[in-house]
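# Structural description and commentary
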Amino acid sequence: MIGNTIGLIALALGWRRSIWTWPAQFLSGVILIAAYASAQLSGGVGKQLLVIGVALWGWRQWHRGRQQAQDGSIAVRFASWKERGLLLAGAIAGTLAVGGLFTLYPSLSWSPWADAYIFVGTLVAMVAQARGLVEFWFAWLLVDLVGVPLAFSSGLAFSGLVYVIYFALVLWGMRDWWLRTRTPALEGAPA
């Protein structure tokens, strides 16, 4: 419960473009490792180890980006078509590789393809977030579509409920970041 609550806080901080989203994601990952290990969900443990690593990298990226911005904020933008292609290709290749690994070693996951999809989707979302890409919200939506049912079917009802809340927050965050990408263009437009 604590790890998922901190995860919700991290999402809200990300929505607000606060650099503190990354330490919150780090702490949530540390706490959730114990929860997933107790449920024998190796994919969840691996995902949280990934969250911890990417949270450290994302914190560094946003810290550098904030230093470069005039007002100290984190700029958000849509990905280029090339970036979208790289994110999609990475998601597909990563899911195939991790799903294959989980299938080859069944003790790592009782749901290899769903775990692989969530594992790699989380990486894609966090990388896009660290780069300030609006597409990170879309990646989270796609992860939640599999993560919510998997959490409930794994007996992690609180995690499933938290993911339902994540889903709503992701929709609001996506709208906010989407509108922020349009603000500079609108400021220069005639009244």
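Structure: see above.
What this report covers is the structure whose coordinates are included nearby. Keep in mind that this is a model prediction, so the values were computed, not measured. (Residues numbered from 1 in each chain as written. Predicted model: local features only at pLDDT ≥ 70, side-chain atom pairs only at ≥ 80, totals over all residues. Heavy atoms only, no water.)

This brings us to the overall build of the chain. Scanning the chain for helices and strands turns up seven helices and zero strands. Ordering the α and β elements of the chain from the N terminus gives α-α-α-α-α-α-α. A globule of 191 residues ought to have a C-alpha radius of gyration of about 16 Å, and the chain, at 17 Å, matches this closely. When its C-alpha atoms are laid out on the principal axes, the chain stretches across 60 × 35 × 30 Å. Counting across all 191 residues of the chain, residues that qualify as buried make up 46%. In the chain, once contacts between residues fewer than 6 apart in sequence are set aside, the share between residues at least 24 apart is 67%. Computed over 13 positive and 7 negative side-chain charges, the inter-centroid distance for the chain is 5 Å. (Helix = DSSP H or I, 4+ residues; strand = E, 2+ residues; numbered from the N terminus. Rg over C-alpha atoms; globule rule 2.2 N^0.38 Å. Buried < 20%, exposed > 50% of the residue type's maximum accessible area, 1.4 Å probe, protein only. Contact = heavy atoms within 4.5 Å. Lys, Arg positive; Asp, Glu negative; His and termini not counted. Charge placed at Lys NZ, Arg CZ, Asp CG, Glu CD.)

Our next topic: a nonpolar patch on the surface. Judged by side-chain polarity, Met1, Phe152, Phe158, Leu161, Val164 and Ile165 come together as a nonpolar surface patch covering roughly 560 Å² of accessible area. For the nonpolar patch, the element with the most residues is helix H7 (residues 157-187), which contributes four residues. Mapped onto the elements, Met1 comes out in the segment before helix H1 (2-15). (Patch = residues over 30% accessible without salt bridge, like charges linked within 9 Å, V, L, I, M, F, W, Y side chains within 5 Å. Areas by Shrake-Rupley, 256 points an atom, 1.4 Å probe, with all protein chains shown as cover. Salt bridge = Lys/Arg side-chain N within 4 Å of Asp/Glu carboxyl O.)

What follows deals with the packing of helix H4 (residues 81-104) against helix H5 (residues 112-130). The N-to-C vectors of H4 and H5 enclose an angle of 145 degrees; their axes lie 8 Å apart at closest approach. The way H4 lies across H5 gives a crossing that is right-handed. Along its contact with H4, which presents Leu87, Gly90, Ala91, Gly94, Thr95, Leu96, Val98, Gly99, Gly100, Phe102 and Thr103, the element H5 presents Pro112, Trp113, Asp115, Ala116, Tyr117, Phe119, Val120, Val124 and Ala128. A per-class count over the contact of H4 with H5 returns 13 nonpolar, six polar and one charged. (Axes fitted to C-alpha atoms, helices over the stretch in contact; angles between N-to-C directions. Left-handed = near helix turned anticlockwise from the far one by under 90°. Nonpolar A, V, L, I, M, F, W, Y, C, P; charged D, E, K, R; others polar.)

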